Amino acid sequence: MAPLLRCLLPLLLPPALALALGPAAVGRTRRPLALEALGEAEELAEELWDAGLPGDLPELEPECRRLLVAFAEGSAALTGCLGRRARPVRLCQACHRHYRRLLAQYGNIARAVGNSSESHNCAKSILTSDRLQIVVTLSEFFNETWEAANCANCLKNSSEGLSNSTVEFLDLFNKSLTCFEHNLQGQTIYLSPSNYTEVCKNCNETYKMLNDLYNNLQRMNRQGGESGHSAHLCIDVEDAMNITRKLWSRTFNCSVPCSDTVPVIAVSSFILFLPIVFYLSSFLHSKQKKRILILPKRIQSNASLVNIQEKYS
Amino acid sequence: MANVAKKVSWSGRDRDDDDDERVGETTPLLNGTGPGAAAGTRQLTPSSFLRIGQLSNVDLNEDVRELETELPRQYPNEIPHNEKLLSLKYESLDYDNSENQLFLEEERRINHTAFRTVEIKRWVICAMIGILTGLIACFIDIVVENLAGLKYRVVKGNIDKFTEKGGLSFSLLLWATLNASVVMVGSVIVAFIEPVAAGSGIPQIKCYLNGVKIPHVVRLKTLVIKVCGVILSVVGGLAVGKEGPMIHSGAVIAAGISQGRSTSLKRDFKIFEYFRRDTEKRDFVSAGAAAGVSAAFGAPVGGVLFSLEEGASFWNQFLTWRIFFASMISTFTLNSVLSVYHGNAWDLSSPGLINFGRFDNEKMGYTIQEIPIFIFMGVVGGILGALFNALNYWLTMFRIRYIHRPCLQVVEAMLVAAVTATVGFVMIYCSRDCQPIQGSTVAYPLQLFCADGEYNSMATAFFNTPEKSVVNLFHDPPGSYNPMTLGMFTLMYFFLACWTYGLTVSAGVFIPSLLIGAAWGRLFGISLSYLTKGSIWADPGKYALMGAAAQLGGIVRMTLSLTVIMMEATGNVTYGFPIMLVLMTAKIVGDYFVEGLYDMHIQLQSVPFLHWEAPVTSHSLTAREVMSTPVTCLRRIERVGTVVDILSDTSSNHNGFPVVESNPDATQVAGLRGLILRSQLIVLLKHKVFVERANLSLVQRRLKLKDFRDAYPRFPPIQSIHVSQDERECMIDLSEFMNPSPYTVPQEASLPRVFKLFRALGLRHLVVVDNRNEVVGMVTRKDLARYRLGKEGLEELSLAQT
């Protein structure tokens, strides 16, 4: 039990530490530094364990340990990034580097086909030697999140950096936000709900462009999306558009559709009136279809008829 | 089975031959029509008795016939159409095999291996039926999907454009015009080219399998019109589905393939000639109907059971196994072709035209406490179904009486299409139920007055093909629909669907029923979760499914097959129990008010349909009262002129003629020797098989069974056969062509007894003989079908020309 714990603890520790230390110790602008600090803390813990316990049981290869630590650091960084970028959603833009690095690190561990037998051992001892398989679980969690966010959609094919269309969209998005901000100067939002005509007038063009671009992206995605993955755009773009649309049509109340109720009522009541005319006229003018009765050739005994009537009258 | 029945009739005859004391018993039998009919028997005057004696004797007697023809004039002979009529238009199929000498010769000639080939051919035909039915279903599905997609994209683009600028009334006009014009094409081809292709086709196939020959029902032309018509009516946005017509299409395919030729195309492939008779064809048609159900719902077992429940009166396990084979092939073909079409070949994920989607997550499970709720839903479904049927009954009656001209029918269909579009538009226009577009799977999200990034939730229900709406109602997450939206939708769609069924377009009622039921079921589920403060088990999708089952069960009143179809379409066997309960309840409740939609339409069409049993209170009626008399008999060696005259007589369009011993003395009655059909006589006349000619030319080819099969199923009318004056004097010998052992019953056999014999053996003619084996009367399908159990007891329908 003890060696198992010893193996597991370093694994569990970094994310926990990261979470614990995150808000307090990690400054907003000095992330690399924070990471270093994390690494140090982790090594410290490790040394503590090493010192405190006898190394009589087969220990993890140093090479494997190095890989494991790298993975731990990577996942901590990715977790932090995801958490920080949860709202407003900027996952794909901000965290794709972390994610790629983590993928590489996991790949290093899992690569069984490497020529060195060492790495093969690493895969075995890290990934599959216990019930919990925390490394696999973590990696699966990140992969699933990434899939769900559909980030691949706004990254380049080699997933190095954002794709051109996404960059274009985000530029336009920023532009329209700036426009909103610019036109709202001096007014507080929610102060005078009817007083947004300025915004609506000035930013209409940008908004329209943004909207069109989004619709275009969506259409292209749907056409290309036949081959497996879903028809969603990546979550960053979707969320950005959502926010803008909400601002535009809910907060600013800019998109006021022309509701021409009178012509619609007129046309629809005309159409609804037609069947009544049709049925009435066919009732009045159409000749009712008559059936010619054929008298069957039967014994005219009346017995059966009487039978029927008598019995049930 | 056949042996037993034959025994019954033979024993009857034997008894008559044996004891002569039975002769005296005719009198008490006639009087004793039942203990309850004492008053009736007293009215039986001796004079009427005398007449019976005269009539039952000889029918070739000319003055007797004159006496008959004078009678109808006393009665008012024109009445408006009502449901208590039997139409003369419909004839029976010959399910009974005519075991004449030609048949025996052929059987002797064909050896054992040849019969094995016949068996293999049956399997080949079933496989082909399955494949072709599946392909037709694919064709319909793909074309509908593309055309409807095109239509909705055009209308959506238009609406989106006019929402900004104003002028939505133009969008409404565009939508209504598009619908109406598409439906117009669909209705024109049905009304003017093949009226039998109207409706779902299930009543027609049901009648065909019951043994009624509906004119044109299994022709290639009908298939083409049916397929095009159903595509056009679904694309035209009517409240219809494409599943019902699949059953008809499958049946036509089966009838066509099994004959190995097409009379419409005048092509004979010279294969499967053995199957050219009603018996074989009808078996294949039941396989085709099953394949159609199977392709429509992805339910092969349901298809087999549908054929069993609705159709085949004659059933054996080998036939069942073959039908099952055809169904499986059909759904598999559809599945593989559609998965290739959708780009994921080998996936096999679309087994039917409608796919209810998967119901296997834990939220969709049900607990035992919910079962009373389901039963309650069954009651609601039964009541709503009965309401639907009652409304449709009045509407259909009105249509038969007043809207019988094809152009009026087309106009009506167009109006319904336009109104459907208008109602949809107005509902969408008035709805303020907006749902976020993110994460939803709406095919054509219509924004209209919703905020950007949201869609109108009423539009998912109306602005979509009905199949998709059903699936949305089953599977959209809780909260996708406002209760108000669902309520309005149910109400509107109920009336639209009711109005639509019975139009002159080919369209089914399955999907609209499912949709109505799914809508109110979901509403029910939502209100349930309000009442129970959001219990986890009250998932609206599950209730939508139960509502759909209840509504469909309440309308069509199918039991076993519908349960299995629903079970297979959901792919969840554990739903079998609640679905069964729901359908049972719906049927019981619905039957209390009014009968099922298909039975109602069969009745309104005045089809002589034989149910499983005779009316329960009819034991006091005897064959003597049921039968038609006098019977036109032929002598064994008959003058050609007489035969031609009898066949050309338009007032008595008989199809079967008892053959009696040729006796030079016309006054003496002769015993029954056999039965010959009109079709056989026509073939005989066409080939001029006369006694004199046989004597003249020895080289004349002997007629074979093949000659009769080649003429099947469209025997030429008698008018097209030219018989010269000299030939009229020739004689024709019927003895080797007639069926020498027709089924007979004695006069005193009760109606249920006659009925059972008739129904179980699929007879067309049943000869009534007296105890000297003399022909007294003839019982045909219409004689039996006219007795029906109505609201006030036993009713008698009257015959009418339609």
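Note that the structure is predicted; figures quoted are calculated from it, not measured.

*Asks:* Looking at this structure, I do not really get the overall build of chain B. What am I missing?
*Replies:* Scanning chain B from terminus to terminus reveals 32 helices and 19 strands. Of all intrachain contacts in chain B linking residues separated by at least 6 positions in sequence, the fraction that spans at least 24 positions is 78%. Looking at chain B as shown, the accessible area adds up to about 31900 Å², and 62% of this sits on carbon and sulfur atoms.

*Asks:* In this structure, what is going on with the overall build of chain A? I would like to understand it.
*Replies:* A tally of regular secondary structure across chain A gives 11 helices and one strand. When the helices and strands of chain A are read in sequence order from the N terminus, they spell out α-α-α-α-α-α-α-α-α-α-β-α. Counting all 313 residues of chain A, 37% fall into the buried class. Long-range pairs, those at least 24 residues apart, make up 68% of the contacts in chain A between residues at least 6 apart in sequence. Only carbon and sulfur atoms are counted for the fraction: they give 58% of the accessible area of chain A, which is about 18600 Å².

*Asks:* Is there a simple way to think about the pairing of strand β18 (residues 793-796) of chain B in this case?
*Replies:* Within a regular beta strand, the side chains point alternately toward one face of the sheet and then the other, so they alternate between its two faces. All names here are of chain B. Here four bridges tie strand β17 (residues 787-790) to β18, and the two strands are oriented antiparallel to one another. Of the residues in β18, the one forming a bridge with glycine 790 is glycine 793. Where β17 hands over to β18, the hairpin turn is made up of two residues, counted between the paired strands.

*Asks:* Is there a simple way to think about a nonpolar patch on the surface in this case?
*Replies:* Residues and elements named next belong to chain A. Taken together, the side chains of Phe273, Ile276, Val277, Leu280, Phe283 and Leu284 present a nonpolar region at the surface, about 590 Å² in accessible area. Secondary-structure assignment places phenylalanine 283 in helix α10 (residues 261-285). Residue class for phenylalanine 283 comes out partly exposed when judged on its relative accessible area of 40%.

*Asks:* How should unusual backbone geometry be read in this particular structure?
*Replies:* Phi is mostly negative for residues that are not glycine, and the peptide bonds are mostly trans. Residues and elements named next belong to chain B. Here the residue pair threonine 629 and proline 630 is connected by a cis peptide bond, since its omega of 0 degrees sits within 30 degrees of zero. Topologically, proline 630 is positioned in the loop between α25 (623-626) and β9 (634-635). Its identity is not glycine, yet serine 606 carries a phi of approximately 60 degrees, on the positive side. With respect to the helices and strands, the residue serine 606 is situated in the loop between α24 (597-604) and α25. With a phi close to 60 degrees, asparagine 773 is a non-glycine residue in the positive phi region. With respect to the helices and strands, the residue asparagine 773 is situated in the loop between β15 (765-769) and β16 (775-780). Taking relative accessible area as the criterion, asparagine 773 reaches 9% and is therefore assigned buried.

*Asks:* I keep staring at the sheet that holds β9 of chain B and nothing clicks. Help me out?
*Replies:* Strand pairing in a sheet is mediated by backbone hydrogen bonds. Such pairs are either parallel or antiparallel. All names here are of chain B. Taken together, three strands build an open sheet; the order of strands is β9-β11-β12 and the sheet is mixed. Pairing within the sheet leaves two strands with one partner each, and these edge strands are β9 and β12 (672-677). In terms of strand pairing, strand β11 (residues 656-660) meets β12 through five bridges, oriented antiparallel. By the bridge assignment for β12, valine 660 is matched with leucine 672. Contacting β9, β11 and β12, helix α27 (residues 678-686) crosses the sheet at an angle of about 75 degrees to β12.

*Asks:* How should the pattern of salt bridges be read in this particular structure?
*Replies:* All names here are of chain B. Within the structure shown, the criterion is met by 28 salt bridges over all chains. Across the salt bridge formed by lysine 587 and aspartate 591, the nearest N and O atoms sit 3.1 Å from each other. Of this pair, lysine 587 and aspartate 591 are both found in helix α23 (residues 576-593), four residues apart, which corresponds to roughly one turn of the helix. Accessibility expressed as a relative area gives 26% for lysine 587, which makes it partly exposed. Residue lysine 688 is joined to glutamate 727 by a salt bridge in which the shortest nitrogen-to-oxygen separation is 3.6 Å. In this pair, lysine 688 is assigned in the loop between α27 and α28 (691-696) and glutamate 727 in helix α30 (residues 725-728), connecting sequence segments 39 residues apart. Here lysine 688 matches glutamate 727 in class, with each residue buried. Connected via shared salt-bridge partners are Glu119, Arg122, Arg277, Glu280 and Arg322.

*Asks:* Just to check I follow, could you spell out the confidence of the model for chain B for this structure?
*Replies:* Interpreting fine coordinate detail is not advised for predicted regions of low pLDDT. Residues and elements named next belong to chain B. In the predicted model, chain B carries a mean pLDDT of 81, and 86% of its residues have values of at least 70. Predicted confidence for residues 1-74 stays below pLDDT 50, and this span has 77 contacts to residues more than four positions away or in other chains. Predicted complex, confidence summary: ipTM 0.79, pTM 0.80.

*Asks:* Is there a simple way to explain the state of the cysteines in this structure?
*Replies:* A covalent bond bridging the sulfur atoms of two cysteines is what the word disulfide describes. Residues and elements named next belong to chain A. Going through the model one piece at a time under the given rule, you end up with two disulfides over all chains. Residue cysteine 81 pairs covalently with cysteine 95 via a disulfide, S to S 1.9 Å. Between cysteine 81 and cysteine 95, the disulfide has an S-S torsion of -90 degrees and is therefore left-handed. Separated by 14 residues along the polypeptide, cysteine 81 in helix α3 (residues 62-84) and cysteine 95 in helix α4 (residues 91-110) bring together distant segments of the chain. Sulfur-sulfur distance for the disulfide between cysteine 92 and cysteine 151 comes to 1.9 Å. Between cysteine 92 and cysteine 151 the disulfide shows an S-S torsion of about -70 degrees. By sign, it is left-handed. Taken together, the residues cysteine 92 in helix α4 and cysteine 151 in the loop between α6 (134-149) and α7 (164-183) connect sequence positions 59 residues apart.

*Asks:* Whenever I open this one, the packing of aromatic side chains confuses me. Can you help?
*Replies:* Two aromatic rings are characterised by how far apart their centres lie and by the angle between their planes. This model, assessed by the stated rule, comprises 36 aromatic pairs over all chains. Arranged with centres 5.4 Å apart and planes meeting at 55 degrees, the rings of phenylalanine 141 of chain A and phenylalanine 142 of chain A form a pair that is tilted. Since its relative accessible area comes to 47%, phenylalanine 141 of chain A is described here as partly exposed. In textbook terms, an aromatic cluster arises when at least three aromatic residues are bridged by ring pairs, as seen for Phe278, Tyr279 and Phe283 of chain A together with Phe398, Tyr402 and Trp499 of chain B. Positioned above the aromatic ring of tryptophan 612 of chain B, the side-chain terminus of arginine 759 of chain B is 4.4 Å from the ring centre.

*Asks:* Whenever I open this one, the side chain of arginine 557 of chain B confuses me. Can you help?
*Replies:* Residue placement: arginine 557 of chain B occurs in the loop between α21 (540-556) and α22 (560-570). Polar contacts involving the side chain of arginine 557 of chain B include one to the main-chain carbonyl oxygen of glycine 554 of chain B, which spans 2.8 Å.

*Asks:* I would appreciate a short explanation of α23 of chain B in the present structure.
*Replies:* Spacing of three or four residues puts side chains on the same side of an α-helix, whose turn is 3.6 residues. In this model α23 of chain B runs 26 Å from its N-terminal to its C-terminal C-alpha over 18 residues, within 8% of the 26 Å that 1.5 Å per residue would give. Taken together, the buried residues of α23 of chain B touch α15 (371-402), α21 and α22 of chain B.

*Asks:* Any chance you could explain the UniProt feature "domain: CBS" (unreviewed entry) in chain B here in plain terms?
*Replies:* Feature annotation in UniProt assigns "domain: CBS" (unreviewed entry) to the following positions: residues 738-796 of chain B. Segment residues 738-796 of chain B splits into 27% helix and 37% strand. End C-alpha atoms: 33 Å apart.

*Asks:* How should I be thinking about the pairing of β11 of chain B in this particular structure?
*Replies:* Residue and element names in this part refer to chain B. Here β11 lies mainly inside the structure; five of its five residues are buried. Going residue by residue along β11, you find Gly656, Pro658 and Val660 tucked away on one face and Phe657 and Val659 tucked away on the opposite face as well. One ladder, built from two bridges, connects β9 with β11; its direction is parallel. When the bridges of β11 are listed, leucine 634 appears paired with valine 659.

*Asks:* Is there a simple way to think about the packing of helix α7 (residues 112-165) of chain B against helix α12 (residues 278-297) of chain B in this case?
*Replies:* What describes two packed helices is the angle between their axes and the distance between those same axes. Residues and elements named next belong to chain B. Packing of α7 against α12 brings their axes to within 9 Å, and their N-to-C directions diverge by 35 degrees. By crossing handedness, the relation of α7 to α12 is classed as right-handed. Facing α7, whose interface residues are Arg122, Ile125, Cys126, Ile129, Thr133 and Ala137, α12 presents Glu280, Phe284, Ala287, Gly288, Ala291, Gly292 and Ala295. Class assignment of the residues belonging to the contact of α7 with α12 gives a composition of eight nonpolar, three polar and two charged.

Calculation notes
Residues numbered from 1 in each chain as written. Chains lettered and ligands numbered in written order. Predicted model: local features only at pLDDT ≥ 70, side-chain atom pairs only at ≥ 80, totals over all residues. Heavy atoms only, no water. Helix = DSSP H or I, 4+ residues; strand = E, 2+ residues; numbered from the N terminus. Contact = heavy atoms within 4.5 Å. Areas by Shrake-Rupley, 256 points an atom, 1.4 Å probe, with all protein chains shown as cover. Buried < 20%, exposed > 50% of the residue type's maximum accessible area, 1.4 Å probe, protein only. Pairing = 2+ DSSP bridges. Patch = residues over 30% accessible without salt bridge, like charges linked within 9 Å, V, L, I, M, F, W, Y side chains within 5 Å. Salt bridge = Lys/Arg side-chain N within 4 Å of Asp/Glu carboxyl O. Axes fitted to C-alpha atoms, helices over the stretch in contact; angles between N-to-C directions. pLDDT = per-residue confidence, 0-100. Disulfide = S-S within 2.5 Å. Phe/Tyr/Trp six-rings, centres within 6.5 Å; stacked < 30°, edge-to-face > 60°. Lys NZ or Arg CZ within 6 Å of the ring centre and 35° of its normal. Polar contact = N/O pair within 3.5 Å; in protein donor to acceptor, adjacent residues only side chain to side chain. Expected span 1.5 Å × (residues − 1). UniProt positions renumbered as here; feature names shortened; annotations may be inferred. Left-handed = near helix turned anticlockwise from the far one by under 90°. Nonpolar A, V, L, I, M, F, W, Y, C, P; charged D, E, K, R; others polar.

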